[in-house]
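# Residue-level structure breakdown
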Amino acid sequence: MRWGDDVAIVGLGHTEFSTDSGRSELQLAVEAVTAALREAEIRPADVDGLATYSIDYNAEVDVFESIGGRDLKFFSRVDYGGGAACAPLQQAAMAIKTGVAEVVVCYRAMNERSNYRFGAGSNPAGGRSSARSIGWLHTSLGMRTPAAGLGMAMRRYMHLYGATSEDFGRIAVTARKHAATNPLARFYGRPITMDDYMASRMIADPFRLYDCCQESDGAVAVVVTSAERARDLPSTPVFVRAAAQGICDHQGVMWNFYRDDISWASESALVARQLYEQSGLAPADIDAAILYDHFGPTVLQSLEAYGFCGRGEAKDFIKDGAIEVGGRLPVNTNGGQVGEAYIHGMNGVAEAIRQLRGVAANQVAGAKNVLVTAGLGVPTSGAILGV
Amino acid sequence: MTNALRPALSKDFDFFLDGLEQGRFLVQRCNDCQATRYPPGPMCPECNSLKWSAQPLSGAGEIYSFVVHHYPPIPPFETPLPIVLADMAEGVRIMAPFGGGADTLHVGAPVQLEFRPDGKTGFQPWFKPAETRS
Ligand SMILES: [Zn+2]
């Protein structure tokens, strides 16, 4: 079904991104939420929906209480962590399109660096759900980190398509180049060379240090409302042209080990099909893409799953600078999560909004449609935002 | 079976943990359509049957993919730790740490499961290089 431009993002707020925020996650959350509301010129009392995703520990009741909310009619918390980064946009759009809510704030706040680290090698994925049992089993077999899980998929990819460490390195060098000129980025002013990349230590071979996202403290919030209401608000509305979720064959949490072809992100391909159908757009219409890079090499999988090139062709697609600003498809113009910060994909949503408002640090001239995606190798989500 | 040392997993994993305690890697075979499945689950995805029997793997397989864990430390394992995903003779794919040399670690190489005492109540499955394909 075609969505049309009837839902819009009208406010964006965020904290700084750091290694130690020095304050509670709830404080980060409400700082970002109220910043987004101030920008939108919408009062907290008008918020009637909140949407976040799991591994955010800020309860809706606490966020709503802190900002001085009145009546909350819609609250949604989609599972699977970073795979759900774009799911709150879909939840907000559905709530607004059905009239369930009128102003939905999507938020994500975490002290993922200073309080706890996903890469620490101890936490099996799956939380308290039924997925915890297989998570425990993998842990007992030595599979302890997201890097190892996705490294397994990318090793298969290398075997099938002849991708090399140098191909992975191009993605890391590009991300750090973009981060180097983005004042918000953890690696602002700190580009790397291919030699730096090749010299960086192995984390989960084939993944090196510079392939890994930067676990960070920080928060991002966006305000979503109807296009009709957006007309009376100060900011340029950024329309939610499409938003979708996907779970596919033998889907796991940070792995798809039992899928026929673990190198292919079928969950992302499922999201892609929905996004292009909802928006009426094609890959050629996308001016920039924010492709979730928990690990940079998975950008190759995303480029293929979202239809920018054929299966196995991504390593050639990126060879001539295609994914740099000025290239055919600028990717992760903020530096991505390996260069800017890892706020579980919500900083990618923020970058898509900045690109469409024309205020990004590394602006893509005249960007009209931006694809933003959530983590793959987990139940995933994505969105196409546009002006 | 009740064992206080066992992790609090789903009941669906009981037979699997029983197998490890006996030094066997058990998978499920559907009593109705004969499809073999792994990881453990209550229902056959092929025919939705709830009836199944546990079947031990022969242990012969072929490397489908692998990763070598370097960082962070993951006790009780030593690092770097190679972890292998292998397609097994019975048609299921399983994962286990790899105890052989890095030179034998490549996609398509034959591997064999072995069981080492885990120092607690049972055995830890490991892959080792196999001389020949089964
Ligand atoms: Zn069956």
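Residues numbered from 1 in each chain as written. Chains lettered and ligands numbered in written order. Predicted model: local features only at pLDDT ≥ 70, side-chain atom pairs only at ≥ 80, totals over all residues. Heavy atoms only, no water.

### Regarding the packing of aromatic side chains
Inspection of every chain in the model, using the stated rule, returns 15 aromatic pairs over all chains. With a centroid separation of 4.9 Å and 65° between ring planes, the pair formed by Tyr157 of chain A and Tyr161 of chain A is classed as edge-to-face. With Tyr157 of chain A and Tyr161 of chain A both in helix H5 (residues 146-161) and 4 residues apart, the pair spans about one turn of that helix. Taken together, the aromatic side chains of Trp255, Phe257 and Tyr258 of chain A together with Phe15, Phe16, Phe25, Tyr38 and Trp52 of chain B make up a single cluster linked through ring pairs. A cation over an aromatic ring shows up here: Arg176 of chain A above the ring of Tyr210 of chain A, its NZ or CZ 5.4 Å from the ring centre. Taking the ring centre of Tyr64 of chain B as reference, the NZ or CZ of Arg93 of chain B above it sits at 3.6 Å. (Phe/Tyr/Trp six-rings, centres within 6.5 Å; stacked < 30°, edge-to-face > 60°. Helix = DSSP H or I, 4+ residues; strand = E, 2+ residues; numbered from the N terminus. Lys NZ or Arg CZ within 6 Å of the ring centre and 35° of its normal.)

### As for the pairing of strand E4 (residues 103-111) of chain A
Residues and elements named next belong to chain A. The element E4 is extensively covered by neighbouring structure, given that 9 of its 9 residues are classed as buried. Burial of the side chains of E4 extends over both faces: Val103, Val105, Tyr107, Ala109 and Asn111 are buried on one face and Val104, Cys106, Arg108 and Met110 on the other. Note that strand E2 (residues 49-53) and E4 share 3 bridges and pair parallel. Looking at E4, one finds that Gly49 is bridged to Val104. Bridge count between E4 and strand E7 (residues 217-226): 9 bridges; the pairing is antiparallel. Residue pairing across strands places Arg108 opposite Val220, the latter belonging to E7. (Buried < 20%, exposed > 50% of the residue type's maximum accessible area, 1.4 Å probe, protein only. Pairing = 2+ DSSP bridges.)

### Observations regarding the interface of chain B and chain A
At the junction of the two partners, chain B supplies 34 residues and chain A supplies 34 residues. In this assembly, chain B packs against chain A so that about 2900 Å² is buried in total across both faces, 66% of it on carbon and sulfur atoms. On the chain B side of the contact with chain A, Tyr64, Val67 and Met95 of chain B bury the most area, a combined 21% of that side's loss. The interface formed by chain B and chain A holds 0 salt bridges in total. Applying the counting rule to chain B against chain A returns 14 residue pairs in polar contact (both at pLDDT 80 or more). For the side of chain B that touches chain A, the secondary-structure elements that each account for two or more residues are helix H1 (14-21), strand E4 (60-69), strand E5 (81-88), strand E6 (93-97) and strand E8 (123-129) of chain B. With 6 residues, the single largest contributor to the side of chain B that touches chain A is E4 of chain B. Looking at the side of chain B that touches chain A, its residues break down into 28 nonpolar, 5 polar and 1 charged. As paired strands, strand E5 (residues 202-205) of chain A and E4 of chain B are joined by 2 bridges and run antiparallel to one another. Of the residues in E4 of chain B, the one forming a bridge with Ala204 of chain A is His69 of chain B. (Contact = heavy atoms within 4.5 Å. Buried area = accessible area lost by both parts, 1.4 Å probe. Salt bridge = Lys/Arg side-chain N within 4 Å of Asp/Glu carboxyl O. Polar contact = N/O pair within 3.5 Å; in protein donor to acceptor, adjacent residues only side chain to side chain. Nonpolar A, V, L, I, M, F, W, Y, C, P; charged D, E, K, R; others polar.)

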